[in-house]
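Tertiary structure, described
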Amino acid sequence: MAKTVVFPDSEPLKDPLSVGSRDKKQGGGKRPDYRAQALRLRPQRQALPIYSARSAIIKSITENATVVIVGETGSGKTTQIPQYLLESGITAGGKTAIAVTQPRRVAATSIAKRVAEEVGTPLGGRVGYTIRFEDCSSDATQLRFCTDGLLLREILADPLLRRYSVVVLDEAHERTLRTDILLGMLKDIQRERTRVAQLNRDAEQTSAESMEYAPDHRSRGTHVKFGEPEEDEKNEGDGTAAPVMDEVHGDVSGLDDLHIVVMSATLDAERFSEYFDKAPILYVAGRQFPVTTYYTSDPQSDYLDAAHLATLQIHTDTPSDSGDILVFLSGQEDIENVERLLLDSAANLPKGVPSLLPCPIFAALPQAQQSRVFDPAPEFTRKVILATNIAETSLTIPGIRHVIDSGVHKVRGFDPRVGESLLVEPISKSSARQRTGRAGREAAGFCYRLYTEADYAQLPEDSIPEIKRCQLSMVVLQLKASGVKDVMKFDFMDRPSRKALKHALLELYALDALDDAGELTPLGKWMSEFPLEPTYAKVIYASAAAGCTREAIDIVSLLSVDSLFYVPADKREESNAAQMAFRSADGDHLTYLNLLRAFNKVNGDSVWCQEHFVNRRNVRHVLDVRQQLNRLCARLGMDIERSCGTDLASVLRCFLAGFFHNCAMLQPDGTYRSLNGSQAVNIHPASSLFGKKTPAIFYDQLVFTNKLHARAVSAVDSAWIAQAAPKLYGRLQSNSST
DNA sequence: GAGCACTGC
């Protein structure tokens, strides 16, 4: 079944502009000479390892419903295969398009740019990209790069993905939550498209007057009214209306089969192949420089210490022009510790040894400091990049020849009984190989694993797919909204536990997104329109009746990033003082709101942000989310300017419509206990309510690290909790008066 | 007394 592609292929590439329709905006004289540029890049394209397999790849994809392609780093699969498809004429002269999904936004945009250059068209013409907040595509776009999350949203609007004849899933081996949902849904869509296409072909043959399609299994749009949510619980919705084919599938005449291409970097291709009914697997050789791997002879009890010593050893034993050092650590704390150790040692290096410059990089680090890893090191200096997993896949740092692998990373986990966790765990073999590969991007390199070879042998082959270790309420809502009746029977490539699925169903039921029969309610359908966790969508819904939609949208947007502030380890006091300016006695939600207002007042001034330890990039992301939610809410008929003014208690109250499960009460001994599980809950030290004895609180999330921490906490009156969830907590008395 | 990485019409 599996075959290796090594066929020579002498067929020259076609003229990029002679294939398919031409771009609309031509002429005018001033436009850059795209064609000349494409011709210039052609020799590079033809020199890629994958080029020799070009015709075999096209043949396999056009002849099979699904093809799995394994290509190592540097094979060129990501940029070339989409172009081969474009050249193959699979888009029926431009009537249909090709979608290529990426797990990350930057990848989608940068690859689209590169491919547009190679094809010889302006970006947004025949080749374009679409990511959240940014659409660089047009009606002429036949090759669209997008994030996998975006294609998922597209399925909600177009359940059969009618505009596409091919969907390419890149980086499928990463098994992100969205890749896994896409895999399942695409399999479904492919089956339905084949059926419809067959009917179309039959109809063409017999020219039958009326075609009959099987009963529709997808739900139709319904609407939700605002103003009196108490009253319209029951009599809302039109779910019983007779199905109208066009509303569901749109025009299906002429609809053809959907081709799926699964691209993966590792050798777990067999599993993808099995999942897609034994789809053929093509292997494409990559181009990587050799990396020599070393293990420690004994297990290391302290990997921070080991990382520090290994760095010094490499630095003194190899010439400084032999490349920079990249150290993989688990998180900010690790990184700051190793940085401190290195700075101490760097100050005491023997004479004649070049300087050592530690460069930390992790997601929460402000942009300005992140970009330092890309700056060339000063004269006679070697850079040591101290990184989290961010350097494993998300960004590639040039100049790296030495990799030090601690063998650990932090993993977000979820268990319906224990809740969410964030713990340091050993990495997988494929992750270790990925880290190693980072030393061989530009030349032969070295990888130093801070664990023994025997330990390596014990590591799991692959990490557990995200879908098996995260909350599923949003996944389930999305599946329900795209017409999956029984999520327990959905064909997941890796099935989440029954418990986790049930937990999600119960959560959605509690939020009134599902009814007694487990069917999507009109409110549930409404909530699924939001690119948000269902709890947040519920808060926005409740804000209409509470008269605080403005504030609800603001705060929900603020909660969509995980660090509004950046606190360097050595400036905790200073930053605490600076943050007092925004602090609300009611807790973090209103503190964040104050921050947003202050940020807007100074127009996001970067000096102001620095002085207040505000993460500017993240607040700007908040503004993007806010704008998107504003538009969506306006479209759904909400009054987005409806504000509660100074009555901010009503916003907090409104949050309980989504967060009644996330409440805790102060105990006589000064600790907190959660209302739903009676677990001991600790207010996170970064919270504005830390150390305060607030009688009743609700929190945005509960995460176990070394303790169970409530992050983003606000004070509430327990009577509000009783009113938000009378069946669960109706007995609670108010704690505000007296 | 302390936060891995992503994503969303």
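Residues numbered from 1 in each chain as written. Chains lettered and ligands numbered in written order. Predicted model: local features only at pLDDT ≥ 70, side-chain atom pairs only at ≥ 80, totals over all residues. Heavy atoms only, no water.

Cut-off, in case you're wondering: UniProt positions are given in the numbering used here, feature names are shortened, and annotations may be inferred rather than shown by experiment.
In the nomenclature of an unreviewed UniProt entry, chain A is known as RNA helicase of Coemansia erecta. Per UniProt, chain A carries the Catalytic activity (unreviewed entry) text "ATP + H2O = ADP + phosphate + H(+)". The UniProt entry for chain A carries this comment under Sequence similarities (unreviewed entry): "Belongs to the DEAD box helicase family. DEAH subfamily."

**Re the overall build of chain A**
Threshold: Where helices and strands are cited, they refer to DSSP runs of H or I of at least four residues and of E of at least two residues respectively, numbered from the N terminus. Note on exposure labels: buried denotes an accessible area under 20% of the residue type's maximum, exposed denotes more than 50%, and partly exposed covers the range between, all computed with a 1.4 Å probe on protein chains only. The contact definition used throughout considers only heavy atoms, calling two residues in contact when any of these lie within 4.5 Å. The method behind every accessible area is Shrake-Rupley, applied with a 1.4 Å probe, and residues are considered shielded solely by the protein chains displayed.
Tallying secondary structure elements over chain A gives 25 helices and 22 strands in all. Out of the 738 residues in chain A, the part that is buried amounts to 53%. Taking the contacts inside chain A whose residues are at least 6 apart along the sequence as the reference set, 73% of them involve residues at least 24 apart. Surface accessibility of chain A: about 33800 Å² in total, with carbon and sulfur atoms responsible for 51%.

**Digging into the side chain of Q190**
Counting through the fold element by element, Q190 comes out in helix 6 (residues 177-206). A relative accessible area of 9% places Q190 in the buried class. With sequence-adjacent residues up to four places away left out, Q190 is seen in contact with A65, T66, L258, I260 and F276.

**A few points about the environment of R673**
As a reminder, the rule being used: We define a polar contact as two N or O atoms separated by no more than 3.5 Å, with the added condition that, inside protein, one atom must be a possible hydrogen donor and the other a possible acceptor, whereas residues neighbouring each other in sequence contribute only through side-chain atom pairs.
With respect to the helices, strands and loops of the structure, R673 is situated in strand 19 (residues 672-674). Using a relative accessible area of 35% as the deciding quantity, one classes R673 as partly exposed. Along the primary structure R673 and A712 are separated by 39 residues, whereas in three dimensions their C-alpha atoms are 16 Å apart. Each residue touching R673, except ones within four places of it in the same chain, is listed here: C663, A664, M665, Q667, S678, Q679 and A680. Side-chain polar atoms of R673 contact the backbone oxygen of S678, separated by 2.7 Å.

**As for the confidence of the model for chain A**
Heads up, the rule is: A residue's pLDDT is the predictor's confidence in that residue, given on a scale from 0 to 100.
On average, residues of chain A carry a pLDDT of 88, and 90% of them reach 70 or more. Low confidence marks residues 213-222, where pLDDT is under 50. Its contacts with residues over four positions away, or in another chain, come to 31 contacts. Ignoring residues within four places in sequence, the model shows residues 227-248, a span with pLDDT below 50, making 25 contacts including any to other chains.

**Considerations on the protein's contact with DNA strand B**
Threshold: In this text, near means that some heavy atom of the residue lies within 4 Å of the molecule or strand in question. Charged means Asp, Glu, Lys or Arg here, nonpolar means Ala, Val, Leu, Ile, Met, Phe, Trp, Tyr, Cys or Pro, and polar covers whatever is left, Gly included.
Around DNA strand B lies a shell of 38 residues, among which T147, R153, A363, K410 and M474 are the nearest. Within 4 Å of the protein, the atoms of DNA strand B are drawn from sugar and phosphate moieties in a proportion of 60%. In this structure, a base nitrogen belonging to DNA strand B sits 2.7 Å away from a side-chain N or O atom of R132. Take A363: an N or O atom from its main chain is 2.4 Å from a phosphate oxygen of DNA strand B. Secondary-structure elements contributing two or more residues to the surface near DNA strand B are helix 5 (148-157), strand 15 (408-415) and strand 22 (708-715). Top element by residues in the surface near DNA strand B is helix 5. It accounts for 3 residues. Classifying every residue of the surface near DNA strand B by side-chain character gives 13 nonpolar, 13 polar and 12 charged.

**Structural notes on the environment of N630**
Structurally, N630 can be placed in helix 22 (residues 616-635). For the pair N630 and N337, spaced 293 residues apart in the sequence, the C-alpha separation amounts to 42 Å. Sequence-distant contacts of N630, that is, excluding residues within four places in its chain, are made with R550, I553 and I640.

**Quick word on helix 9 (residues 303-317)**
Put simply, the rule is: Take the residue count of a helix, subtract one, and multiply by 1.5 Å to get its expected span.
Counted at 1.5 Å a residue, the expected span for helix 9 with its 15 residues is 21 Å, and the 20 Å between its end C-alpha atoms agrees. Of all the residues in helix 9, the buried ones are L304, A306, A307, H308, A310, T311, L312, I314 and H315. For helix 9, the elements touching its buried residues are strand 11 (324-328), helix 10 (332-347), strand 12 (355-361), strand 13 (381-387), strand 14 (400-405) and strand 17 (445-449). Near the N-terminus of helix 9, the side chain that reaches the backbone nitrogen of L304, with its oxygen 3.0 Å away, is that of D302.

**Here's the deal with the pattern of salt bridges**
The condition that has to hold: For salt bridges, the criterion is a side-chain nitrogen of Lys or Arg within 4 Å of an Asp or Glu carboxyl oxygen.
Applying the stated criterion across every chain, the model contains 32 salt bridges. Linking R550 and E641 is a salt bridge whose minimum nitrogen-to-oxygen distance equals 3.6 Å. Note that R550 is positioned in helix 18 (residues 549-558) and E641 in the loop between helix 22 and helix 23 (649-659), a separation of 91 residues in sequence. Overlapping salt bridges bring together R45, R54, E87, R114 and E118 as one network.

**Describing the UniProt feature "domain: Helicase C-terminal" (unreviewed entry) in chain A**
Per the UniProt record, "domain: Helicase C-terminal" (unreviewed entry) is found at residues 310-483. With 30% helix and 26% strand, the stretch residues 310-483 has end C-alpha atoms that lie 54 Å from each other.

**Some remarks on the pairing of strand 12**
The following threshold applies: Two strands pair if DSSP finds at least two bridges between them.
Of all 7 residues that make up strand 12, 5 are buried, and the element is covered over most of its length. Where strand 12 lies against strand 13, 7 bridges are found, and the strand directions are parallel. Bridge pairing in strand 13 places L357 opposite K383.

**Details of the sheet that holds strand 11**
Let me state the cut-off plainly: Lines are fitted to the C-alpha atoms to define the axes, a helix being fitted only along its stretch in contact, and any angle between axes, read from their N-to-C directions, falls within 0 to 180 degrees.
Taken together, 6 strands build an open sheet; the order of strands is 10-17-14-11-13-12 and the sheet is parallel. On the outer flanks of this sheet lie strand 10 (291-295) and strand 12, each paired with one strand and no other. Strand-to-strand twist across the sheet, computed as the mean angle between neighbouring axes with direction ignored, equals 20°. Against the sheet, helix 10 contacts strand 12 and strand 13, and its axis sits at roughly 170° relative to strand 12. Against the sheet, helix 12 (residues 429-437) contacts strand 10, strand 11, strand 14 and strand 17, and its axis sits at roughly 140° relative to strand 17.

**As for the nonpolar core**
For clarity, the cut-off: Nonpolar cores were defined as sets of buried Ala, Val, Leu, Ile, Met, Phe, Trp, Tyr and Cys residues, with membership established by side-chain atoms within 4.5 Å.
Residues L472, L479, F530, I540, L564, V614 and F655 are the most contacted members of the largest nonpolar core, which totals 121 residues. Discounting residues that sit within four places of it in the chain, V614 has contacts with L564, F565, F582, L595, F599, W608, C609 and V619. Grouped together as the second largest cluster of nonpolar side chains are 33 residues, I57, A108, A112 and L143 included.

**As for unusual backbone geometry**
Glycine aside, residues mostly have negative phi, and peptide bonds are mostly found in the trans state. Backbone geometry places F380, a non-glycine residue, at a positive phi of 60°. A residue is classified by how much of its surface remains accessible, and F380, at 51% relative accessible area, is exposed. In this model, S678 sits at a positive phi of 55°, which is unusual for a non-glycine residue. With respect to the helices and strands, the residue S678 is situated in the loop between strand 19 and strand 20 (680-683). Residue S678 is classed as partly exposed on the basis of its relative accessible area, which comes to 47%.

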